[in-house]
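Working through the structure, step by step
Below are the chains, spelled out letter by letter.
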Amino acid sequence: MNRRFTCIVCPNGCEITAELDGGKIVSVAGARCKKGGAYVRQELTCPRRTFSTSIILEGGKLPLVSVRLTKPIPKEKIFAVNELIHRQKAQAPVRIGQIVLENVLGLGSDVIITKNADRLS
Ligand code: SF4
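Nothing here was measured: the structure is a model prediction, and the numbers come from that model.

**Describing the overall build of the protein chain**
If you tally the helices and strands in the protein chain, you get 2 helices and 10 strands. Along the protein chain, helices and strands appear, N-terminal first, in the series β-β-β-α-β-β-β-β-α-β-β-β. Against the globule reference of 14 Å for 121 residues, the protein chain gives a C-alpha radius of gyration of 19 Å, more extended than a compact globule. The principal-axis extents of the C-alpha atoms in the protein chain amount to approximately 60 × 25 × 20 Å. Taking the contacts inside the protein chain whose residues are at least 6 apart along the sequence as the reference set, 48% of them involve residues at least 24 apart.

Quick look at the structure:
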């Protein structure tokens, strides 16, 4: 059985085909570099994702401020992490890189601010 993937590691977006035999990877073809093979192997064993979103900013010039994960997390944890993030509120002022949640759910990824936002004066 073959499974096809589009590598998302870089903008080249290589189309990669993995040949499987009973869940075991027999071969990987179509990747222009080694990262593609590693990406497909991870997708087949423990797919991970990162994402960005926004949280409420209290006392700021804008009502929301953007945040992101510092490292990809297992795909099946995205809903739980997203829910936890949306329960957070930041207090203005905030700065890029400021940690909102450290080691979220023990997954080894922090949630950080991605935009400077000043206090409403
Ligand atoms: S296989 Fe390599 S070159 Fe192709 S998209 Fe993935 S990282 Fe980029």
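**Here's the deal with the pairing of strand 3 (residues 24–29)**
Of all the 6 residues making up strand 3, 0 are buried; the element is thus mostly uncovered. Relative to strand 3, strand 2 (residues 15–21) runs antiparallel, the two being bridged by 5 bridges. Bridging across to strand 3, Asp-21 finds its partner in Lys-24. Linkage of strand 2 to strand 3, two consecutive antiparallel strands, is achieved through a turn of 2 residues, within which Gly-22 is found at a positive phi near 60°.

**Remarks on the site of the ligand**
In the vicinity of the ligand, the contacting residues are Cys-7, Val-9, Cys-10, Asn-12, Gly-13, Cys-14, Ala-31, Arg-32, Cys-33, Lys-35 and Gly-36. Per-class residue counts for the shell around the ligand are 6 nonpolar, 3 polar and 2 charged.

**A look at the domain arrangement of the protein chain**
Along its sequence, the protein chain is organised into domain 1 (2–45) and domain 2 (52–113). Here the C-alpha centre of domain 2 lies 30 Å away from the C-alpha centre of domain 1.

**Concerning helix 1 (residues 34–45)**
A turn of α-helix holds 3.6 residues, and therefore any two residues three or four places apart point the same way. If you check helix 1, its first and last C-alpha atoms are 17 Å apart, about what 12 residues at 1.5 Å a residue would give, namely 16 Å. Residues of helix 1 that are buried: Gly-36, Tyr-39 and Val-40. Looking down the long axis of helix 1, one finds its buried residues gathered within 95° of arc, a one-sided arrangement. For helix 1, exposure combined with an orientation more than 90 degrees from the buried face picks out Lys-34, Gln-42 and Thr-45.

**Re the environment of His-86**
Inspection of the secondary structure puts His-86 in the loop between helix 2 (78–85) and strand 8 (89–91). Note on His-86: 13 C-beta atoms within 10 Å, which makes it partly exposed. A sequence separation of 78 residues divides His-86 from Ile-8, and the C-alpha atoms of the two residues are 26 Å apart.

Conventions we followed
For every chain, the first residue of its written sequence is number 1, and the numbers climb from 1 along that sequence. Only residues with pLDDT of at least 70 get local features here, since the model is predicted, and only at 80 or more are side-chain atom pairs given and counted; chain-wide, interface and lining totals rely on the full set of residues. For the purposes of this entry, the term helix denotes a DSSP run of H or I that reaches at least four residues, the term strand denotes a run of E that reaches at least two, and both are numbered from the N terminus. In this setup the radius of gyration rests on C-alpha atoms only. A globule is expected at 2.2 Å times the number of residues raised to 0.38. Contact between two residues is assigned when their C-beta atoms, built from the backbone, lie within 7 Å. Residue burial here comes from a neighbour count, namely the number of other C-beta atoms, placed from the backbone, that lie within 10 Å of the residue's own C-beta, with 20 or more meaning buried, 12 or fewer meaning exposed, and in between meaning partly exposed. Paired strands, in this sense, are two strands between which DSSP finds at least two bridges. For each residue, a C-beta atom is positioned from the backbone; the residue is called near a molecule or strand if that atom sits within 6 Å of it. The classification used treats Ala, Val, Leu, Ile, Met, Phe, Trp, Tyr, Cys and Pro as nonpolar, Asp, Glu, Lys and Arg as charged, and all other residues, Gly among them, as polar. Note that the domain bounds were set by an automatic or database domain assignment. To estimate how far a helix should extend, the number of its residues minus one is multiplied by 1.5 Å. Summarising the geometry, the arc corresponds to the directions from the helix axis toward the C-beta atoms.

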